[in-house]
Amino acid sequence: YSRGVNLRNQVQTEDPTSEAIWRYWDDHRSADSTFQRLLVEDEKRKLLAFGEIEQTSSNRSSYDIRLHMEERTWMTEIPRHLYSILLKRGRPGTGSTLTVKAREDQVHFLSFLKSNGYALKMRSHAALLEVGRFSVTPFEALRSQVTSRDIQVCQPPHKWTEDPIWKSRIYDLYCDILRDIPHPAFRPNPSLQDFMDEEVNHPNFLESGYFLALAGSDAVGMSSLVKRGGGTRIL
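Residues numbered from 1 in each chain as written. Predicted model: local features only at pLDDT ≥ 70, side-chain atom pairs only at ≥ 80, totals over all residues. Heavy atoms only, no water.

1. With respect to the confidence of the model for the protein
Cut-off, in case you're wondering: pLDDT gives the predictor's per-residue confidence on a scale running from 0 to 100. For helices the rule is a DSSP run of H or I covering at least 4 residues; for strands it is a run of E covering at least 2, with both sets numbered from the N terminus onward.
When pLDDT is averaged along the protein, the result is 93; 100% of the residues meet or exceed 70. Confidence scores differ between elements of the protein, with helix H5 (residues 140-147) showing the lowest mean pLDDT of 88 and helix H3 (residues 78-90) the highest of 97.

Dropping the structure here:
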């Protein structure tokens, strides 16, 4: 775990993970879902790369593939060999969709994907804020605009995760919002248990980071801060 996490965090510094998070998902992954993680070592047992393939639909029609290695390793035979074994272990069918995420500055990674028939389906832009440089002044006028429409921004009650009513309200709102988030494929609503596993029971959960917009008793908006890599340096 420690070596895999260290390698991943070296090549994906903007989205750190941790041993606790890897272990969490390995403990909560469905036994019916195909998942394989493979590591590549050299003769001195130095970790050079690792890859994962994970089934993301119950009918085996879609899979996520994750490949992590230093940039210079992409110029060797390792990516092709690792990718080939992942496909054999994961056994996606001929009609299955494979999804891979890569940063646009990972030139050799993108070249590898293109050579294997992948096409760009979605691009996500990262917006980063240094909290110490943030000023609330430009947004002060928004407070009165919101309250004049009888909308209240607040946090859920303390320990809302243990309250079945509040848990259900936030889950329902989450599912409504999910339908409005762009995605290259249809995404069914997660079950309540999946929502709890992904959002609340996860090591990245930050209870004080949840905010709701309430119109009377109706929850009409949600904003949340979550930890990255189980820590609070990056939210």
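2. Focus on the sheet that holds strand S5 (residues 151-154)
Selection rule: DSSP calls a pair of strands paired once it identifies at least 2 bridges connecting them. An axis is simply a line fitted to the C-alpha atoms; with a helix, the fit covers only the stretch in contact. Between two such axes, the angle follows the N-to-C directions and lies from 0 to 180 degrees. For this analysis, residues touch if any pair of their heavy atoms sits within 4.5 Å.
One open sheet holds the three strands; their spatial order is S5-S6-S7, and the pairing between them is antiparallel. Edge strands, defined here as strands with exactly one partner in the open sheet, are S5 and strand S7 (218-224). In this sheet, adjacent strand axes meet at a mean angle of 20° when their direction is disregarded. Where strand S6 (residues 210-215) and S7 come together, six bridges link them in antiparallel fashion. Within S7, the position partnered with Leu 212 by the bridge is Met 222. Of the strands in this sheet, S6 and S7 touch helix H6 (residues 164-178), which is tilted by about 75° from S7.

3. A few points about the environment of Thr 161
As a reminder of what qualifies: Residue exposure (1.4 Å probe, protein chains only): buried if accessible area is under 20% of the type maximum, exposed if over 50%, otherwise partly exposed.
Here Thr 161 is to be found in the loop between S5 and H6. You can call Thr 161 buried: its relative accessible area is 18%. Put simply, Thr 161 and Glu 207 are 46 residues apart on the chain and 8.7 Å apart in space, counted from C-alpha to C-alpha. Beyond its immediate sequence surroundings of up to four residues, Thr 161 is in contact with Lys 167, Met 196, Val 200 and Phe 205.

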